[in-house]
Amino acid sequence: MFFVYFILIILIPIWAQMKVKSAYKKYSKVASSSQMSGREVARRILDSNGLYDVSVEETRGVLSDHYDPRSKVVRLSTDNYHGHSVAAAAIAAHEVGHAIQDQQEYSFLRFRSALVPVASFGSNASWIFIMIGIFARIEGMLLLGIILMAAGVLFQFVTLPVEFNASNRAMDQVVSLGIIRNEEERETKKVLDAAALTYVAAAAVAVLELIRLVLIYTGMSRDE
């Protein structure tokens, strides 16, 4: 039982990462018909939505693309910032999707932002209480650790609608603005769907780990 569990929590993230890298590698070689770079795609969508105060910057790393709501900046990794591929356009549009969410005060984005400090503390501190609870067999410590971990799991679940919604917004924007053509819609969606898998995998692993700890706790309670 535990062997199957450990195989799952190891293989699920690896599988998701492989899907993302495979889709990105494939479609980063497919030139976008618009011939727009990722930076130009992001700027075009931002301006079309009146987000003139949001800037687009290049950032280091591979697939390190993100939107910073505090600084109002869409940051694109070097390949996507300069790239003219379908993958670059898809990822740039996705990150701008988050900027549009921010502008429209999308409820799940606001909720996720509010959860960040709680989830960060919970994820970092939970294992201290969990390990003490398990090895010292102190139910209260283990329960506290589980509660703290649950905050991190909640964050993972709230992230899912935020990311899927950003991808939907991205598709709407690149289609309505003519950034991609009809035959590129399927390719763009494949890139966005593959990226979403990483969040689904993270949520699945978090839930599996939480269930395992709850089972340990209930087993400990029965032994008392």
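Residues numbered from 1 in each chain as written. Predicted model: local features only at pLDDT ≥ 70, side-chain atom pairs only at ≥ 80, totals over all residues. Heavy atoms only, no water.

Undergrad: Would you take a moment to explain the sheet that holds strand β2 (residues 66–68) for this structure?
TA: Strand pairing in a sheet is mediated by backbone hydrogen bonds. Such pairs are either parallel or antiparallel. Ordered by their spatial adjacency, three strands build an open sheet running β1-β3-β2, and the pairing between neighbours is mixed. Each end of this open sheet is capped by a strand with a single partner; those strands are β1 (55–59) and β2. On average, each strand axis in the sheet is inclined to that of its neighbour by 30 degrees, with strand direction left out of account. Direction of pairing for β2 relative to strand β3 (residues 73–77): antiparallel, over a ladder of three bridges. Within the sheet, the bridge partner assigned to D68 lies in β3 and is V73. The strands touched by helix α2 (residues 38–48) are β1 and β3; relative to β1, the strand with the most contacts, the crossing angle is about 160 degrees. (Pairing = 2+ DSSP bridges. Helix = DSSP H or I, 4+ residues; strand = E, 2+ residues; numbered from the N terminus. Axes fitted to C-alpha atoms, helices over the stretch in contact; angles between N-to-C directions. Contact = heavy atoms within 4.5 Å.)

Undergrad: How should I be thinking about the nonpolar core in this particular structure?
TA: As a rule of thumb, nonpolar side chains are buried together in soluble globular proteins. Among the nonpolar cores identified, the biggest contains 30 residues, and V41, I45, L46, V74, L76, V96 and I179 are the most heavily contacted of them. No other element matches the nine residues that helix α4 (residues 86–103) contributes to this core. Leave out the neighbours within four places in its chain, and V41 touches M36, A89, A92, A93 and I179. (Core = buried A, V, L, I, M, F, W, Y, C linked by side-chain atoms within 4.5 Å. Buried < 20%, exposed > 50% of the residue type's maximum accessible area, 1.4 Å probe, protein only.)

Undergrad: Where do I start with the side chain of E209 in this structure?
TA: Mapped onto the elements of the fold, E209 is located in helix α7 (residues 182–223). Judged by its relative accessible area of 12%, E209 is buried. Reaching out from E209, the side chain makes a polar contact with the side chain of R212 at a distance of 2.8 Å. (Polar contact = N/O pair within 3.5 Å; in protein donor to acceptor, adjacent residues only side chain to side chain.)

Undergrad: Explain the pairing of β3 here, please?
TA: Regular strands have side chains that alternate between both faces of the sheet. Buried residues dominate β3, accounting for five of its five residues. Alternating residues of β3 divide into V73, R75 and S77 and V74 and L76, and every residue in both groups is buried. Pairing of β1 with β3 involves five bridges; the strand directions are parallel. Paired with S55 across the two strands is V73, which belongs to β3. Turn length for the β2-β3 hairpin, with the two strands adjacent in sequence and antiparallel, is four residues, and the turn residue K72 shows positive phi of about 55 degrees.

Undergrad: How should the UniProt feature "transmembrane region" (unreviewed entry) in the chain be read in this particular structure?
TA: Feature annotation in UniProt places "transmembrane region" (unreviewed entry) on residues 114–135, 142–162 and 196–218, given in this structure's numbering. As annotated, residues 114–135 has a helix share of 100% and a strand share of 0%, and its two end C-alpha atoms lie 33 Å apart. (UniProt positions renumbered as here; feature names shortened; annotations may be inferred.)

Undergrad: What's the story with the packing of helix α5 (residues 107–135) against helix α6 (residues 139–176) in this structure? I'm lost.
TA: When two helices pack together, their arrangement is given by the angle between their axes and by how far apart the axes lie. At a minimum axis distance of 6 Å, the contact between α5 and α6 shows a crossing angle of 150 degrees. The pairing of α5 with α6 is recorded here as roughly antiparallel in orientation. Our pair here, α5 against α6, has a crossing hand that is left-handed. Residues belonging to the contact of α5 with α6 are distributed by class as follows: 26 nonpolar, seven polar and two charged. (Parallel < 35°, antiparallel > 145°, perpendicular 65-115°, else oblique. Left-handed = near helix turned anticlockwise from the far one by under 90°. Nonpolar A, V, L, I, M, F, W, Y, C, P; charged D, E, K, R; others polar.)

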